[in-house]
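# Survey of secondary and tertiary structure
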Amino acid sequence: MPRPTLIEDIAVFLLDRLTFRVKVFLAPAVALGLFLAFGILCWAMLRAQEVRIDVDLAGQLRTLEAAMEGERKLAETHSALYRALSAVRMSASDEIVQRVLTGRAALASDARNLFESGIDDARLSSSARGLRGEIVAALAAYQKATQDVIDGIDIDVNVADMSMQSADQKFLALSRAVAAFGEEQRSASEEVRQALSAAQ
């Protein structure tokens, strides 16, 4: 028969010293300790999952929401420019035209802020950062074209109409960049959602 190891000797020595009452309660106490340790481990894993959902998925959804909000504001901005031209053609008062243009300027500013500073670069992939850069450049070109339209309104509605053609082209280029960015963010959100579902 092999000789007991040192650990076995120590365990037997300790068990020999314990009273019968302690020996009876030792097994349930060990089981309870293991259940508590398992419970703490499960809680820690659920907490880590909750944090990951908050950081990954919620952050991705906030980026997607900002992109969609920016797209909506840009469409409203372009519509407001057409409303201003229509108001000038219908010989509306300068006050009405200026009110439409002021509203358009506020929408344009909101959209620019969303794309320039409302989206966290750390949450974007390198391709999404490139698309965002394209949006910012297209937005600057679009704003210059819309300013030409607004300046043309002060001169003559026909001049503004000619400038509007350029603004339409710039808006289409901007819309394509925003749509590509939005699609990239939808795909990224879905990937994060699937990864989190698989991890559960």
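Keep in mind the model is a prediction, meaning the values are calculated, not measured.

Another aspect to go through is the confidence of the model for the chain. Mean pLDDT over the chain: 81, with 92% of residues reaching 70 or higher. Of all secondary-structure elements in the chain, the lowest mean pLDDT belongs to helix α1 (residues 6–17), at 75, while helix α4 (residues 126–155) reaches the highest, 85.

With that settled, consider the environment of N113. Relative to the elements of secondary structure, N113 occurs in helix α3 (residues 94–116). Along the sequence, N113 and L139 sit 26 residues apart, while their C-alpha atoms lie 11 Å from each other.

Looking now at a nonpolar patch on the surface. Taken together, the side chains of L15, L18, V22, L26, V30 and L34 define a hydrophobic patch exposed on the protein surface, amounting to about 480 Å² of accessible area. Element by element, the count of residues in the nonpolar patch is highest for helix α2 (residues 20–89), at four residues. Within the secondary structure, L18 is located in the loop between α1 and α2.

Glancing now at the nonpolar core. Counting residues in hydrophobic clusters, the biggest one holds 19 residues, and the most contacted among them are L74, F115, I119, I135, L174, V178 and F181. Where this core is concerned, the elements lending two or more residues are α2, α3, α4 and α5 (157–199). Here this core gets six residues from one element, more than from any other, and that element is α4. Once residues lying within four places of it in the same chain are set aside, the contact partners of L174 are L74, I135, A138, L139 and Y142. One finds L85, A87, L101 and M164 within the second-largest nonpolar core, a separate group that totals 14 residues.

Glancing now at the packing of α3 against α4. It is at 11 Å that the axes of α3 and α4 come closest, and there the two elements cross at 170°. Classified by the interaxial angle, the pair formed by α3 and α4 is roughly antiparallel. By crossing handedness, the relation of α3 to α4 is classed as left-handed. In contact with V97, L101, R104, A108, R112, F115 and E116 of α3, α4 contributes R132, I135, V136, L139, Q143, T146, I150 and I153. A breakdown of the residues in the contact of α3 with α4 according to their chemical character gives nine nonpolar, two polar and four charged.

For the structure shown, the criterion picks out one aromatic pair. Centre to centre, the rings of Y142 and F171 are 5.6 Å apart; their planes meet at 50°, and the pair counts as tilted. Within this pair, whereas Y142 is found in helix α4, its partner F171 is found in helix α5, the two being separated by 29 residues in sequence. The buried category is assigned to Y142, whose relative accessible area is 1%. Residue F171 is classed as buried on the basis of its relative accessible area of 15%.

Across all of its chains, the model carries seven salt bridges by this definition. We note a salt bridge from E69 to K73, for which the minimum N-O separation is 3.6 Å. Of the two residues, E69 and K73 both sit in helix α2, four residues apart, roughly one turn of that helix. Among the residues examined, E69 registers a relative accessible area of 28% and is labelled partly exposed. Across the salt bridge formed by E76 and R72, the nearest N and O atoms sit 2.3 Å from each other. Of this pair, E76 and R72 are both found in helix α2, four residues apart, which corresponds to roughly one turn of the helix. Residues participating in the shared-partner salt-bridge network are E69, R72, K73, E76 and D110.

You can see R193 is positioned in helix α5. Exposure remark for R193: the relative accessible area of 39% places this residue in the partly exposed category. In this structure, the C-alpha to C-alpha distance between R193 and D154, residues 39 residues apart in sequence, is 51 Å.

What counts as what
Residues numbered from 1 in each chain as written. Predicted model: local features only at pLDDT ≥ 70, side-chain atom pairs only at ≥ 80, totals over all residues. Heavy atoms only, no water. pLDDT = per-residue confidence, 0-100. Helix = DSSP H or I, 4+ residues; strand = E, 2+ residues; numbered from the N terminus. Patch = residues over 30% accessible without salt bridge, like charges linked within 9 Å, V, L, I, M, F, W, Y side chains within 5 Å. Areas by Shrake-Rupley, 256 points an atom, 1.4 Å probe, with all protein chains shown as cover. Salt bridge = Lys/Arg side-chain N within 4 Å of Asp/Glu carboxyl O. Core = buried A, V, L, I, M, F, W, Y, C linked by side-chain atoms within 4.5 Å. Buried < 20%, exposed > 50% of the residue type's maximum accessible area, 1.4 Å probe, protein only. Contact = heavy atoms within 4.5 Å. Axes fitted to C-alpha atoms, helices over the stretch in contact; angles between N-to-C directions. Parallel < 35°, antiparallel > 145°, perpendicular 65-115°, else oblique. Left-handed = near helix turned anticlockwise from the far one by under 90°. Nonpolar A, V, L, I, M, F, W, Y, C, P; charged D, E, K, R; others polar. Phe/Tyr/Trp six-rings, centres within 6.5 Å; stacked < 30°, edge-to-face > 60°.

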